[in-house]
Amino acid sequence: MSRVRVLVGTRKGAFILTSDGKREDWNVSGPEFGGWEIYHLKGSPADPNRIYASQSSGWFGQIMQRSNDGGKTWNPVDNRLVYDGDVGTHLWYDGTPRPWEFKRIWHLEPSLTDPDTVYAGAEDAALFRTSDGGQTWEELAGLRHHDSASYWAPGAGGMCLHTILLDASHPERIYTAISAAGAFRSDDAGKTWRPINQGLKSEGIPDPNAEVGHCVHRIAMHPSRPDVLFMQKHWDVMRSDNAGESWQEVSGNLPTDFGFPIDVHAHEPETIYVVPITSDSQHFPPDGRLRVYRSRTGGNEWEALTNGLPQRDCYVNVLRDAMCVDALDPCGVYFGTSGGQVYASADAGDSWAPIVRDLPPVVSVEVQTLP
Amino acid sequence: MIRVVLPVHLRTLAQVDREVKLDVAGAATQRTVLDALEARYPMLRGTIRDHVSQQRRAFVRFFACGEDLSNELPDAPLPEAVTTGTEPYLVVGAMAGG
């Protein structure tokens, strides 16, 4: 029978949650790296026992960890993530130029085919890559050297590169998203980049239709239809049917279209999930009711999923990397909250139950489907 | 022989006990002690000093003999009691919440 392994990054360590294919009974192990912020852990699609973790601390900086045995043991790998060449400047909150300064790795995206190749998204925004299992890292500096980069500015969470999507059907294609610059695409393995933000409209910037400056929170893709992208923006849920060349709003009947994560059902490319959050200044669910919203039509028509989720007095947040789906049938959906709960649904969102309730604030949730 | 005391998170990272004993070639300064520490425990690179600038990270402090050496020049000689191993050189995570 298949198994699942859920990798949870929190403000104070990493946790690994495991279950069989029924996804009813869970084993919780951890914390690994107790006391450190674990922004993200992710396993290699090519070798599920190979897992990478971003470990960081305001005191001691960035550590990169690697496991070769499914998270049982870990070893630090190289943590020298240094910007390539002249660091240049971006815009600071007050509009003045400010040199790029490395703070942490937000997101790790292992290659679809090579366990030794991993992409890492940094704050301040940059894309790094290792091709030797983490022994060395290089910046794919074409992104940060884009003509628009000197005008990028941080969002409230910092100027972070938080989303990396790889396209199995176009091995040279990489998508990234940066808060608050927007979405970018490379078609040459990261050498050159261009913004793909046409159709985004953001009232919080001087030109709402600007080419860059949008606070994209998350982009999701179904591997069977890589040209269809779904985006949770600061405000607005968006969809592109042409690999990001243009976007249309699909917020439809959502109670609020502010939120952080978005994901796609493993077997139904038109079924997508979001977690509406009240507003940019009220990072909690509307009316104290934690609801995942599901669209089976690729957007616009949404249904609230509430069975098993708290429907009163709930004021947690769900961050951009804290929702994922497994590959089982029925599809499992998982998300973690700022209150330390990790919820799972083994029936594509129809019903939910907490796997664990009292972890540190959850930053990221990834799931591996294992044989 | 120089005795270096590490904060708990760096002990865990380097898999060492509270105190590390180092032989430092030449004059014992903060720079040569930290260079020797990082040479023996490469996973500590970047955690105490910035990879590029080699400046002390903002929330790391260096103490010895009841004195705060954090803002001393990195090439200044360490106190004799540290160089003889009588007193340890302390790498400290600053009190900064968390």
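Before reading further, recall that the structure is shown in the block above.
The following refers to the structure shown. (Residues numbered from 1 in each chain as written. Chains lettered and ligands numbered in written order. Predicted model: local features only at pLDDT ≥ 70, side-chain atom pairs only at ≥ 80, totals over all residues. Heavy atoms only, no water.)

Quick look at the overall build of chain B
- Helices and strands together make up the secondary structure of chain B, namely 3 helices and 5 strands.
- On C-alpha atoms alone, chain B measures out to a radius of gyration of 12 Å, which is about the 13 Å that the 2.2 N^0.38 rule sets for 98 residues.
- Out of the 98 residues in chain B, the part that is buried amounts to 41%.
- When contacts within chain B are restricted to residue pairs at least 6 apart in sequence, those whose partners lie at least 24 apart make up 50%. (Helix = DSSP H or I, 4+ residues; strand = E, 2+ residues; numbered from the N terminus. Rg over C-alpha atoms; globule rule 2.2 N^0.38 Å. Buried < 20%, exposed > 50% of the residue type's maximum accessible area, 1.4 Å probe, protein only. Contact = heavy atoms within 4.5 Å.)

Thoughts on the overall build of chain A
- Regarding its fold elements, chain A presents 0 helices and 30 strands.
- Computed over its C-alpha atoms, the radius of gyration of chain A comes to 19 Å, within 12% of the 21 Å expected for a compact globule of 371 residues.
- Principal axes of the C-alpha set define a box for chain A whose edges measure 50 × 45 × 40 Å.
- Long-range pairs, those at least 24 residues apart, make up 50% of the contacts in chain A between residues at least 6 apart in sequence.
- Counting every atom, chain A has about 13,800 Å² of accessible surface; 47% of that belongs to carbon and sulfur. (Areas by Shrake-Rupley, 256 points an atom, 1.4 Å probe, with all protein chains shown as cover.)

Section: the sheet that holds strand 27 (residues 333–336) of chain A
Residues and elements named next belong to chain A.
- Strand order in the open sheet formed by 4 strands is 26-27-28-29, with antiparallel pairing between adjacent strands. Each having just a single partner strand, strand 26 (323–325) and strand 29 (353–356) make up the two edges of the open sheet. Sheet twist, expressed as the mean angle between neighbouring strand axes with direction ignored, is 25 degrees.
- Bridge count between strand 28 (residues 342–345) and strand 29: 3 bridges; the pairing is antiparallel. Across the sheet, residue Ala344 finds its bridge partner in strand 29, namely Ala353. (Pairing = 2+ DSSP bridges. Axes fitted to C-alpha atoms, helices over the stretch in contact; angles between N-to-C directions.)

Brief notes about the side chain of Asn317 of chain A
Residues and elements named next belong to chain A.
- Counting through the fold element by element, Asn317 comes out in the loop between strand 25 (303–305) and strand 26.
- A relative accessible area of 7% means that Asn317 is categorised as buried.
- When residues no more than four places from it in sequence are discounted, the contact partners of Asn317 are Phe260, Ile277, His283, Gly336, Thr337 and Ser338.

A short note on the packing of aromatic side chains
- Under the definition given, this model contains 16 aromatic pairs over all chains.
- Seen from their ring centres, Trp36 of chain A and Phe60 of chain A are 6.1 Å apart, and the 45 degrees between their planes marks the pair as tilted. Within this pair, whereas Trp36 of chain A is found in the loop between strand 3 (27–32) and strand 4 (37–43), its partner Phe60 of chain A is found in the loop between strand 5 (51–57) and strand 6 (61–67), the two being separated by 24 residues in sequence.
- Assessed through its relative accessible area of 2%, Trp36 of chain A is described here as buried.
- An angle of 25 degrees between the planes, with centres 5.7 Å apart, marks the rings of Phe62 of chain B and Tyr89 of chain B as stacked. (Phe/Tyr/Trp six-rings, centres within 6.5 Å; stacked < 30°, edge-to-face > 60°.)

Re the interface of chain B and chain A
- At the interface, 18 residues of chain B touch 15 residues of chain A.
- Taken together, both faces of the contact between chain B and chain A bury some 1,400 Å²; the carbon and sulfur share is 59%.
- Together, His9, Leu13 and His51 of chain B form the three largest contributors to the area buried by chain B at its contact with chain A, with a combined 38%.
- The tally of links from chain B across to chain A stands at 0 salt bridges.
- Counting the contacts that link chain B with chain A gives 5 residue pairs in polar contact (both at pLDDT 80 or more). (Buried area = accessible area lost by both parts, 1.4 Å probe. Salt bridge = Lys/Arg side-chain N within 4 Å of Asp/Glu carboxyl O. Polar contact = N/O pair within 3.5 Å; in protein donor to acceptor, adjacent residues only side chain to side chain.)

Examining the nonpolar core
- Core analysis: the biggest nonpolar cluster contains 38 residues, and Leu6, Leu37, Ile48, Tyr89 and Val91 of chain B have the highest contact counts within it.
- The leading source of residues in this core is helix 2 (residues 30–40) of chain B, at 4 residues.
- If you look at the next biggest cluster of nonpolar residues, it comprises 34 residues, including Phe15, Leu305, Val325 and Ala348 of chain A. (Core = buried A, V, L, I, M, F, W, Y, C linked by side-chain atoms within 4.5 Å.)

What to know about the pattern of salt bridges
Residues and elements named next belong to chain A.
- Evaluated as defined, the whole model comprises 30 salt bridges over all chains.
- Notably, a salt bridge pairs Asp326 with Arg23, separated by 2.9 Å at the nearest N-O pair. With Asp326 in the loop between strand 26 and strand 27 and Arg23 in the loop between strand 2 (13–20) and strand 3, this residue pair connects regions lying 303 residues apart in the sequence.
- Note on Arg23: relative accessible area 9%, which makes it buried.
- Between Arg185 and Glu245 there is a salt bridge, with the nearest N and O atoms lying 3.1 Å from each other. Remark: Glu245 occurs in the loop between strand 20 (237–240) and strand 21 (248–249) and Arg185 occurs in strand 16 (residues 182–186); sequence separation between them is 60 residues.
- Note on Arg185: relative accessible area 6%, which makes it buried.
- Because the salt bridges share partners, they merge into one network encompassing Arg173, Arg185, Asp187, Arg194, Asp227 and Glu245.

What to know about the pairing of strand 4 of chain A
All names here are of chain A.
- Of all 7 residues in strand 4, 7 are buried, a share of seventy percent or more.
- Two strands pair when backbone bridges link them, and strand 4 and strand 5 are joined in this way by 6 bridges, in the antiparallel orientation. Opposite Ile38, over in strand 5, you have Gln55 as the bridge partner.

Read these as geometric descriptors, not functional statements.
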